[in-house]
Amino acid sequence: MTVEELTRPSAPVQAAYSYCEAVTGQQARNFAYGIRLLPADKRQAMSALYAFSRRVDDIGDGTLAPEEKHERLESTRALLDRVRKGDVAEDDTDPVAVALADSARRFPIPLEGLDELIDGVLMDVRGATYRTWDDLKVYCRCVAGAIGRLSLGVFGTQPGAADAERAAEYADTLGLALQLTNILRDVREDAGNGRTYLPAEDLARFGCQDGFGSATPPPGADFAGLVHFEVRRARALFAEGYRLLPMLDRRSGACVAAMAGIYRRLLDRIERDPGAVLRGRVSLPGPEKAYVAVRGLSGLDARHIARSTVRRRA
């Protein structure tokens, strides 16, 4: 029997992974596009992380009363505790728990990051708002930075990689960059759901404190100025977070470069036409995503970041 056969998941676990991969493919096209570049075991683990995270997000975004959402989120945390304690059997009826438990056995995944995700969604349930960027960063680190650190548990770093001790910090920062891009893209949709994520002091600075309830900015608001201000902040986060890429193996780096690259290009589109986010959902066409994936797989982004890092140190 080969090593591959010895480490291959059992039939029930493989079925659980297939379920998680189906959820990922249906619900997260950008994410699914990126993880296609990974070897099977890492792709399965990332799908398990996504499926659990999707469950948490769906509770927060659903139509239940706040107290019911809170109860369901705490039940999900209890399930996570079972995973953490190794109390989920291979024939458990919950495929997401089965897949996540197997992934946690195979990879050093910091499962406390999923506790942070639950904490972040509970902030949504409570209707939290954010006065400053420092306030918003707390939320972003819970719902996105934590995902970056969880993903790093699956990817790992290459032996001897420079600054590897800062890999989790860079993964966290890259998560913040992606989340701020999401917030800009979804500003109209979030307003329709009664949520405002951009810092109140930023909204006031650009005359946008009345919100975004229509396809046109509030009268007298400098909406383009607001968007460009937040784009610059996101670009700085991307620049810092991209330092993670040279620390990863080729396929993990390609996965991260593809996902981050898609969001960087979304950011470019938003910067060129800020009003587009008020008129509809900004997205990339399939061919452009494919180009980003090929660029990531070629290692161009990782090499560029490595050269930039060396220049900054010189």
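A quick note: this is a predicted structure, and the numbers were derived from the prediction, not measured.

1. Some thoughts on the overall build of the protein chain
Helix and strand counts for the protein chain come out as 16 helices and zero strands. With 314 residues in all, the protein chain has 51% of them scored as buried. When contacts within the protein chain are restricted to residue pairs at least 6 apart in sequence, long-range pairs at least 24 apart make up 73% of them. When the accessible surface of the protein chain is split by element, carbon and sulfur atoms take 51% of a total near 14,700 Å².

2. Some thoughts on unusual backbone geometry
One non-glycine residue, D163, adopts positive backbone phi at about 60°. Within the secondary structure, D163 is located in the loop between α8 (133-155) and α9 (167-185). Judged by its relative accessible area of 26%, D163 is partly exposed.

3. A word on the pattern of salt bridges
A complete count under the given rule lists 28 salt bridges for this structure. Of the charged contacts in the structure, one is a salt bridge between D186 and R185, with a shortest N-O distance of 3.0 Å. You'll find D186 and R185 in the same group, each marked buried. Linked by salt bridges that have partners in common, E74, R77, D81, R84, D115 and D119 make up one network.

4. Notes on the packing of aromatic side chains
In this description, an aromatic ring pair is defined by two values, namely the gap between the centres and the angle between the planes. The tally for this structure, following the rule as stated, stands at six aromatic pairs. Their ring planes at 15° and their centres at 6.5 Å tell us that Y130 and Y197 sit as a pair that is stacked. Taken as a pair, Y130 in the loop between α7 (112-125) and α8 and Y197 in the loop between α10 (187-192) and α11 (200-205) lie far apart in primary sequence, 67 residues in all. The two residues Y130 and Y197 agree in class, both being buried. Pairing F238 with Y242 gives two aromatic rings, centres 6.1 Å apart and planes at 85°, and the pair type is edge-to-face. Take F238: its relative accessible area is 0%, and that puts it in the buried class.

5. As for the packing of helix α4 (residues 40-61) against α8
Where α4 contacts α8, the axes come no closer than 9 Å and their chain directions differ by 155°. On the basis of the axis angle, α4 is roughly antiparallel to α8. Where α4 crosses over α8, the two elements pack in a sense that is right-handed. Every residue of α8 that contacts α4 at K42, A45, M46, L49 and S53 is listed here: I147, L150, S151, V154 and F155. Along the lines of polarity and charge, the residues of the contact of α4 with α8 split into seven nonpolar, two polar and one charged.

6. Considerations on helix α13 (residues 250-272)
Spanning 23 residues, α13 covers 32 Å between terminal C-alpha atoms, matching the ideal 33 Å at 1.5 Å per step. Its side-chain oxygen placed 3.1 Å from the backbone nitrogen of R251, D249 serves as the N-cap of α13.

7. Brief notes about the environment of L37
Within the secondary structure, L37 is located in the loop between α3 (29-35) and α4. Once the C-alpha coordinates of L37 and G253 are considered, the two residues, 216 residues apart in sequence, prove to be 9.3 Å apart.

8. A short note on the packing of α9 against helix α12 (residues 223-241)
It is the contact of α9 with α12, at a shortest axis distance of 8 Å, that shows an interaxial angle of 155°. The angle between the axes of α9 and α12 places the two elements in the roughly antiparallel class. Where α9 crosses over α12, the handedness of that crossing is left-handed. Where α9 approaches α12, its residues E169, Y170, T173, L174, L176, A177, L178, L180, T181 and L184 are matched on the opposing element by E230, V231, R233, A234, L237, F238, E240 and G241.

9. What to know about the side chain of K42
Relative to the assigned elements, K42 resides in helix α4. One polar contact links K42 to D249, side chain to side chain, over a distance of 2.9 Å. Filtering out sequence-adjacent residues up to four positions away, K42 remains in contact with F107, V154, F155, D249 and S252.

10. Here's the deal with the environment of L278
As for its placement among the helices and strands, L278 is situated in helix α14 (residues 276-279). By relative accessible area, L278 is classed as buried at 1%. Residues L278 and D186, 92 residues apart in the sequence, show an inter-C-alpha distance of 8.5 Å. Not counting chain neighbours up to four residues away, the residues in contact with L278 comprise V187, R188, F212, S214, A215, T216, P217 and F223.

11. Regarding the side chain of S53
Looking at the element boundaries, S53 is found in helix α4. Using a relative accessible area of 8% as the deciding quantity, one classes S53 as buried. Each residue touching S53, except ones within four places of it in the same chain, is listed here: L114, L117 and I147.

About the thresholds
Residues numbered from 1 in each chain as written. Predicted model: local features only at pLDDT ≥ 70, side-chain atom pairs only at ≥ 80, totals over all residues. Heavy atoms only, no water. Helix = DSSP H or I, 4+ residues; strand = E, 2+ residues; numbered from the N terminus. Buried < 20%, exposed > 50% of the residue type's maximum accessible area, 1.4 Å probe, protein only. Contact = heavy atoms within 4.5 Å. Areas by Shrake-Rupley, 256 points an atom, 1.4 Å probe, with all protein chains shown as cover. Salt bridge = Lys/Arg side-chain N within 4 Å of Asp/Glu carboxyl O. Phe/Tyr/Trp six-rings, centres within 6.5 Å; stacked < 30°, edge-to-face > 60°. Axes fitted to C-alpha atoms, helices over the stretch in contact; angles between N-to-C directions. Parallel < 35°, antiparallel > 145°, perpendicular 65-115°, else oblique. Left-handed = near helix turned anticlockwise from the far one by under 90°. Nonpolar A, V, L, I, M, F, W, Y, C, P; charged D, E, K, R; others polar. Expected span 1.5 Å × (residues − 1). Polar contact = N/O pair within 3.5 Å; in protein donor to acceptor, adjacent residues only side chain to side chain.

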